[in-house]
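# Structure at a glance
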Amino acid sequence: MRSELFHSKNYGGAREGAGRKKIGTSRALRITLPDEEWERIDSLIAAGQASNMSEYFRLLQLQSARFEETK
């Protein structure tokens, strides 16, 4: 009964402008690397140089793009 007093029809559900903002387009990707390289990437993430695999590869791409611009 108490929940009926406080429940609103506007509660929950999708709302315009709510949620995580997109930073780009997602694509599925499978990368094969030697185990030593995966361990190095995992170590860099554990050390805080990236928060996860996605961020690691975004940063790698940005560095590559900046390097190409300096040529």
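Conventions and cut-offs
- Residues numbered from 1 in each chain as written.
- Predicted model: local features only at pLDDT ≥ 70, side-chain atom pairs only at ≥ 80, totals over all residues.
- Heavy atoms only, no water.
- Salt bridge = Lys/Arg side-chain N within 4 Å of Asp/Glu carboxyl O.
- Helix = DSSP H or I, 4+ residues; strand = E, 2+ residues; numbered from the N terminus.
- Buried < 20%, exposed > 50% of the residue type's maximum accessible area, 1.4 Å probe, protein only.

## As for the pattern of salt bridges
One pass over the full model with this rule turns up two salt bridges. For Glu37, the salt bridge is made with Arg40, and the minimal N-O distance between the two is 3.3 Å. One end of the pair, Glu37, and the other, Arg40, are both in helix 2 (residues 35–46), three residues apart, so they sit about a helical turn from each other. For the salt bridge of Lys71 with Glu68, the shortest nitrogen-to-oxygen distance reads 3.5 Å. Under the relative-accessibility criterion, Lys71 is labelled exposed at 66%. Given a relative accessible area of 48%, Glu68 falls into the partly exposed group.

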